[in-house]
Amino acid sequence: MAIYLLTGAGSGIGAALATVLHERGDELVLLARSGERAEELSSRYPGARALVADLAEADAVAGLAADLPARLDGVVHSAGVVELGDVEGQDLGAWRHTLEVNLLAPVALTRVALPALRAGAGRVVLVNSGQGLGAAPGWASYAASKHGLKAFADSLRQEEKAHGVQVISVYPGRTATPMQEQVHAHEGAPYDARAWTRPESVAATIVHALDIGADAALTDITVRPGR
Ligand SMILES: NC(=O)c1ccc[n+]([C@@H]2O[C@H](COP(=O)([O-])OP(=O)(O)OC[C@H]3O[C@@H](n4cnc5c(N)ncnc54)[C@H](OP(=O)(O)O)[C@@H]3O)[C@@H](O)[C@H]2O)c1
């Protein structure tokens with residue numbers, strides 16, 4: 001049975017992925033931001049183990065080392081935040097929070113999981129964004145965090161090849177999740193979930209990246225809205 005560590009399993013893309021993996025019987029270790037969220041995840045995914053760490057405090061993630069399994073088939077970093085604002089107006093607090101959750105926390109969590117990933121010849125999947133490949137006005141802090149995440153992935157992929165660990169960046173375009181509703185609210189645009197990629201479709205892409213044989217190394221996958 002495969003064992004996966006997931007962040008962001010409570011919502012959106014992460015929840016769609018956790019649902020698929022849970023339904024097919026994979027073992028799940030889910031990282032929740034609080035004890036209350038951990039209880040919710042444990043009841044939503046019976047048999048899954050929930051660990052608590054607020055990813056806005058990336059240093060706290062190092063303390064999870066003793067709680068991780070000895071072997072992991074994969075770590076999927078789906079948790080993320082977005083705070084839109086132009087460079088002139090956005091304060092550094094928003095930048096720090098975004099960089100902490102979207103960049104430093106995946107780095108810290110990957111580091112503590114590396115021994116287990118090496119033991120399982122596992123995969124690291126980083127849920128990036130189209131904003132990790134090009135930055136739009138009003139998106140600087142988020143795009144910077146995702147560009148950084150791409151750089152992290154590209155270095156890690158080469159470093160870990162010899163250990164049998166693969167690293168995959170997935171770049172979704174707009175996807176129908178609570179985060180996208182938040183973006184629309186900021187943009188003052190009406191939200192219609194049907195216009196955007198379903199989180200289940202992004203999750204299916206990630207499952208493919210987790211499942212494909214070790215003869216193939218997927219590295220960067222873009223998923224854009226089909227309509
Ligand atoms: N939706 C899009 O259009 C889109 C497009 C491109 C890329 N992405 C990326 O896809 C990923 C998933 O986004 P989504 O759309 O599924 O967003 P979402 O529905 O808002 O879910 C975000 C998840 O991140 C978790 N999270 C946020 N801050 C956290 C913290 N401090 N500690 C622990 N967990 C935290 C949330 O936990 P709680 O459940 O406790 O709130 C939630 O489970 C993100 O990395 C995002 O940048 C999304």
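Our subject is the structure that appears above.
Model, not experiment: these values are computed from the prediction. (Residues numbered from 1 in each chain as written. Predicted model: local features only at pLDDT ≥ 70, side-chain atom pairs only at ≥ 80, totals over all residues. Heavy atoms only, no water.)

Caption draft 1: Up close: the nonpolar core. Grouped together as the largest cluster of nonpolar side chains are 32 residues, with contacts concentrated most on L5, V61, L72 and L117. Residue assignment for this core shows that the elements contributing at least two residues are β1 (3-7), β2 (27-32), α3 (92-119), β5 (123-127) and α4 (140-160). Among the elements that take part in this core, α3 stands out by supplying 10 residues, more than any other. Apart from the residues lying within four places of it in its own chain, the contact partners of L117 are L72, G74, V75, G122, R123, V124 and V165. Formed by 30 residues, the second largest nonpolar core is a distinct cluster that contains I13, A16, A32 and I221. (Core = buried A, V, L, I, M, F, W, Y, C linked by side-chain atoms within 4.5 Å. Buried < 20%, exposed > 50% of the residue type's maximum accessible area, 1.4 Å probe, protein only. Helix = DSSP H or I, 4+ residues; strand = E, 2+ residues; numbered from the N terminus. Contact = heavy atoms within 4.5 Å.)

Caption draft 2: Structural detail: the packing of α3 against α4. As a packed pair, α3 and α4 sit with axes 8 Å apart at the nearest point and diverge in direction by 20°. As the angle between them shows, α3 and α4 are arranged roughly parallel. α4 is crossed by α3, and the crossing has right-handed handedness. Facing W95, T98, L99, N102, L103, P106, V107, T110, L114 and R118 of α3, the residues of α4 in contact are A140, S141, Y142, A144, S145, K146, G148, L149, F152, L156 and E160. Its residues assigned to classes, the contact of α3 with α4 comprises 12 nonpolar, 6 polar and 3 charged. (Axes fitted to C-alpha atoms, helices over the stretch in contact; angles between N-to-C directions. Parallel < 35°, antiparallel > 145°, perpendicular 65-115°, else oblique. Left-handed = near helix turned anticlockwise from the far one by under 90°. Nonpolar A, V, L, I, M, F, W, Y, C, P; charged D, E, K, R; others polar.)

Caption draft 3: Inspection of the sheet that holds strand β4 (residues 74-77) at higher detail. The 7 strands are arranged β3-β2-β1-β4-β5-β6-β7 in an open sheet whose pairing can be described as parallel. Of all strands in the sheet, those with a lone pairing partner are β3 (49-52) and β7 (220-223), marking the two edges. Geometrically, the sheet is characterised by an average inter-axis angle of 15° between neighbouring strands, direction not taken into account. As paired elements, β2 and β3 share 4 bridges and run parallel to each other. Following the sheet pairing, V29 is matched in β3 by R49. Strands in contact with helix α2 (residues 35-44) are β2 and β3; relative to β2, the strand with the most contacts, it is inclined by about 155°. In the packing of α3 onto the sheet, the strands contacted are β1, β2, β4 and β5, and the crossing angle to β4 comes to about 170°. (Pairing = 2+ DSSP bridges.)

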